[in-house]
Amino acid sequence: RPINVGDGKNVSIHRRAAIFGGPAIHKPGRPGDMRDTLADRREAARVLGWTPHISIEEGLAELLHA
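Rules used in this analysis
Residues numbered from 1 in each chain as written. Predicted model: local features only at pLDDT ≥ 70, side-chain atom pairs only at ≥ 80, totals over all residues. Heavy atoms only, no water. Helix = DSSP H or I, 4+ residues; strand = E, 2+ residues; numbered from the N terminus. Rg over C-alpha atoms; globule rule 2.2 N^0.38 Å. Buried < 20%, exposed > 50% of the residue type's maximum accessible area, 1.4 Å probe, protein only. Areas by Shrake-Rupley, 256 points an atom, 1.4 Å probe, with all protein chains shown as cover. 1 Å grid on protein atoms, 1.4 Å probe; cavity = no way out; pocket = protein on both sides within 12 Å on 5 of 7 lines; lining within 4 Å. Points joined across faces, edges and corners; volume = space filled by probe spheres on them. Nonpolar A, V, L, I, M, F, W, Y, C, P; charged D, E, K, R; others polar.

**Student:** Requested: an account of the overall build of the protein, with residues and values cited.
**Tutor:** When helices and strands are tallied, the protein shows three helices and zero strands. For the protein, the N- to C-terminal ordering of α and β elements is α-α-α. Compactness check: the protein gives a C-alpha radius of gyration of 14 Å against a globular reference of 11 Å for 66 residues, more than 25% above the reference. Looking at the protein residue by residue over its 66 residues, the buried ones come to 9%. For the protein, the exposed surface amounts to about 5800 Å²; the carbon and sulfur share of it is 55%.

**Student:** Residue-level account of the layout of surface pockets, with values.
**Tutor:** One number sums up the size of the largest pocket: a volume of about 870 Å³. The wall of the largest pocket is formed by 32 residues, among which Val11, Ser12, Ile13, Arg16 and Thr37 lie closest to the centre. Contributing elements (two or more residues each) for the lining of the largest pocket: helix H1 (13-20) and helix H3 (56-64). A breakdown of the residues in the lining of the largest pocket according to their chemical character gives 13 nonpolar, eleven polar and eight charged.

Purely spatial values, then, with no claim about function.
Written out as structure tokens, the structure is:
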């Protein structure tokens, strides 16, 4: 079954773009786009015993330098 994995904090597209080193490009939303998303990690903790150990910044930096 699907299980959300995240650190339980919203991260804006502007913050993500800054982490990747570029500006966010503004475009109109499309039908069905979600304005805000937030991973509820309670099921991952309950079923897998998983909790996050690194921040989004650390994870993306690791991905960029892999």
